[in-house]
Amino acid sequence: MNLLAPVRRDRVLAELPQYLRKEAALHTRRDFHPRVTCACQEHRTGTVGFKISKVIVVGDLSVGKTCLINRFCKDTFDKNYKATIGVDFEMERFEVLGIPFSLQLWDTAGQERFKCIASTYYRGAQAIIIVFNLNDVASLEHTKQWLADALKENDPSSVLLFLVGSKKDLSTPAQYVLMERDALKVAQEMKAEYWAVSSLTGENVREFFFRVAALTFEANVLAELERSGARRIGDVVRINSDDNNLYLTASKKKPPCCL
Ligand SMILES: Nc1nc2c(ncn2[C@@H]2O[C@H](COP(=O)(O)OP(=O)(O)OP(=O)(O)O)[C@@H](O)[C@H]2O)c(=O)[nH]1
Ligand SMILES: [Mg+2]
């Protein structure tokens, strides 16, 4: 018996959502990896549909991490600042290419005094979202330290990284252009995908989380195929060093529908 409520209609992804900026995208393909599409059509996604992927959200205090999660999950915005103490989390259920897929979004505290509690929850993340305030250059500089701390608890070769500039509504177009230039550089150094959002207006919030869900799903299915493929004689798994594809892809011996 399935005790879970059906996936909300506005959480159904039939196509790969696109990146924001080509210069700092995890990959620039227009569609899901053909092996993933094929596996979904044939319902060969193994345990992916039953798993919950952990996503952690880190960054300086008051950059807007809680507001970002609340805008997406509850469609609310609170203009008053209430510091997150330790951690909090929200579950979001999606359906990607017909397969159920869940994200557990971990909202962590940016305040120094709560950081050691929060960091005990970093382990086991499949995606790390590092948030900075587009109107505060120091918060962008600090993202490298947030990333280093989060990576101590995770496998840097398999985790997906997103660098998110918040509070876009507070920047003038001219200020935004300058900040974006610096942020794109940082994102490229980190090998993270860059996004700019506003939780107040909602700009890019849904697009961003859909992209996180889609890329995390894609990486999960590829890893699952890799594991099952490694058990079959003749399958070869390689790391694609194409700079447009910053994470693992599996290749060779594709079923006919994937060619
Ligand atoms: N104008 C504007 N204000 C925002 C936006 N996002 C967040 N804020 C405000 O920024 C303040 C901090 O937001 P939070 O989401 O609580 O920040 P946080 O990163 O979770 O802070 P910690 O929990 O202490 O780490 C609040 O007063 C929010 O209303 C935004 O997109 N635009
Ligand atoms: Mg918070």
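Provided above is the structure to which this section pertains.
Heads up: these notes are all about the structure in this document. Here the structure is a predicted model, which means the values were calculated and not measured.

What about the pairing of strand E7 (residues 193-196)?
Link 1 in the chain: With burial as the criterion, each face of E7 is covered, one bearing Glu-193 and Trp-195 and the other bearing Tyr-194 and Ala-196.
Link 2 in the chain: Pairing geometry for strand E6 (residues 160-166) and E7, over four bridges, is parallel. If you follow Phe-162 over to E7, its bridge partner there is Glu-193.
Link 3 in the chain: Between E6 and its parallel partner E7, the chain crosses via helix H6 (residues 173-190), and the hand of that crossover is right-handed.

Quick look at the site of ligand 1
Link 1 in the chain: Neighbouring ligand 1 are 24 residues; Lys-65, Asp-78, Tyr-81, Gly-110 and Asp-169 lie closest to it.
Link 2 in the chain: Between an oxygen atom of ligand 1 and a main-chain N or O atom of Gly-64, the distance comes to 3.0 Å.
Link 3 in the chain: If ligand 1 stood free it would expose 650 Å²; the protein chains cover 93% of that surface.
Link 4 in the chain: Residue classes in the shell around ligand 1 are distributed as nine nonpolar, eight polar and seven charged.

Describing the sheet that holds strand E2 (residues 52-59)
Link 1 in the chain: An order of E1-E3-E4-E2-E5-E6-E7 is seen for the seven strands of this open sheet, with the pairing classed as mixed. Each having just a single partner strand, strand E1 (12-13) and E7 make up the two edges of the open sheet.
Link 2 in the chain: The pairing of strand E3 (residues 87-96) with strand E4 (residues 99-108) spans 10 bridges and is antiparallel. Bridge pairing in E4 links Arg-93 to Ser-102.

Examining the environment of Lys-115
Link 1 in the chain: For Lys-115, the position within the fold is in helix H3 (residues 112-119).
Link 2 in the chain: Here Lys-115 falls in the buried class, since its relative accessible area comes to 16%.

Overview of the pattern of salt bridges
Link 1 in the chain: Going through the model one piece at a time under the given rule, you end up with 18 salt bridges.
Link 2 in the chain: Where Arg-11 meets Glu-92, a salt bridge forms, and the shortest distance between an N and an O atom there is 2.7 Å. Residue Arg-11 is located in the segment before E1, and its partner Glu-92 is located in strand E3; the two are separated by 81 residues in the primary sequence. The residues Arg-11 and Glu-92 share a single accessibility class, namely buried.
Link 3 in the chain: Here the salt bridges share partners, and the residues they tie into one network are Arg-8, Asp-10, Arg-11 and Glu-92.

Here's the deal with the coordination of the magnesium ion (ligand 2)
For a metal with four tetrahedral donors the ideal donor-metal-donor angle is 109.5 degrees, whereas six octahedral donors ideally subtend 90 or 180 degrees.
Link 1 in the chain: Within the protein, Thr-66 (OG1) and Thr-84 (OG1) serve as the donor atoms for the magnesium ion (ligand 2), at 2.0 Å. Taken together, the positions of Thr-66 in helix H2 (residues 65-74) and Thr-84 in the loop between H2 and E3 put the pair 18 residues apart, joining distant regions of the chain.
Link 2 in the chain: Look at Thr-84 and you get buried, because its relative accessible area is 17%.

Side note on the side chain of Ser-198
Link 1 in the chain: One can find Ser-198 in the loop between E7 and helix H7 (205-230).
Link 2 in the chain: At a separation of 2.7 Å, a polar atom in the side chain of Ser-198 contacts the side chain of Asp-169.
Link 3 in the chain: Only 3.1 Å separates the side chain of Ser-198 from the backbone nitrogen of Thr-201, close enough to count as a polar contact.
Link 4 in the chain: Every residue in contact with Ser-198, bar those within four places of it in the chain, is listed here: Lys-167, Lys-168, Asp-169, Glu-203 and Val-205.

Some thoughts on the pairing of E4
Link 1 in the chain: For E4, the buried fraction is high: nine of the 10 residues fall into the buried class.
Link 2 in the chain: Relative to E4, E2 runs parallel, the two sharing six bridges. Among the inter-strand pairings, Ser-53 is bridged to a residue of E4, identified as Leu-103.
Link 3 in the chain: The turn linking E3 back onto E4 is made up of two residues, and Leu-97 within it adopts a positive phi angle of 50°.

Concerning the nonpolar core
Link 1 in the chain: By size, the foremost hydrophobic cluster in this structure holds 41 residues, and its most contacted members are Ile-129, Phe-162, Val-164, Phe-208 and Phe-217.
Link 2 in the chain: The leading source of residues in this core is H7, at 12 residues.
Link 3 in the chain: Contacts of Phe-162, omitting those with residues within four sequence positions, involve Leu-26, Ala-127, Ile-128, Ile-129, Ile-130, Ala-192, Glu-193, Trp-195, Phe-208, Arg-211, Val-212 and Leu-215.
Link 4 in the chain: Formed by 27 residues, the second largest nonpolar core is a distinct cluster that contains Trp-106, Leu-147, Val-159 and Tyr-176.

So, unusual backbone geometry
Link 1 in the chain: A positive phi angle, near 50°, is found at Asp-75, a position not held by glycine.
Link 2 in the chain: With respect to the helices, strands and loops of the structure, Asp-75 is situated in the loop between H2 and E3.
Link 3 in the chain: The exposed category is assigned to Asp-75, whose relative accessible area is 54%.
Link 4 in the chain: Positive phi outside glycine occurs at Lys-191, with the angle close to 60°.
Link 5 in the chain: Positionally, Lys-191 belongs in the loop between H6 and E7.

Criteria and thresholds
- Residues numbered from 1 in each chain as written.
- Chains lettered and ligands numbered in written order.
- Predicted model: local features only at pLDDT ≥ 70, side-chain atom pairs only at ≥ 80, totals over all residues.
- Heavy atoms only, no water.
- Buried < 20%, exposed > 50% of the residue type's maximum accessible area, 1.4 Å probe, protein only.
- Helix = DSSP H or I, 4+ residues; strand = E, 2+ residues; numbered from the N terminus.
- Pairing = 2+ DSSP bridges.
- Right-handed = clockwise from strand over helix to strand, strands pointing away.
- Near = heavy atom within 4 Å.
- Polar contact = N/O pair within 3.5 Å; in protein donor to acceptor, adjacent residues only side chain to side chain.
- Areas by Shrake-Rupley, 256 points an atom, 1.4 Å probe, with all protein chains shown as cover.
- Nonpolar A, V, L, I, M, F, W, Y, C, P; charged D, E, K, R; others polar.
- Salt bridge = Lys/Arg side-chain N within 4 Å of Asp/Glu carboxyl O.
- Donors = N, O, S within 2.8 Å, 3.2 Å for Na, K, Ca; no water.
- Contact = heavy atoms within 4.5 Å.
- Core = buried A, V, L, I, M, F, W, Y, C linked by side-chain atoms within 4.5 Å.

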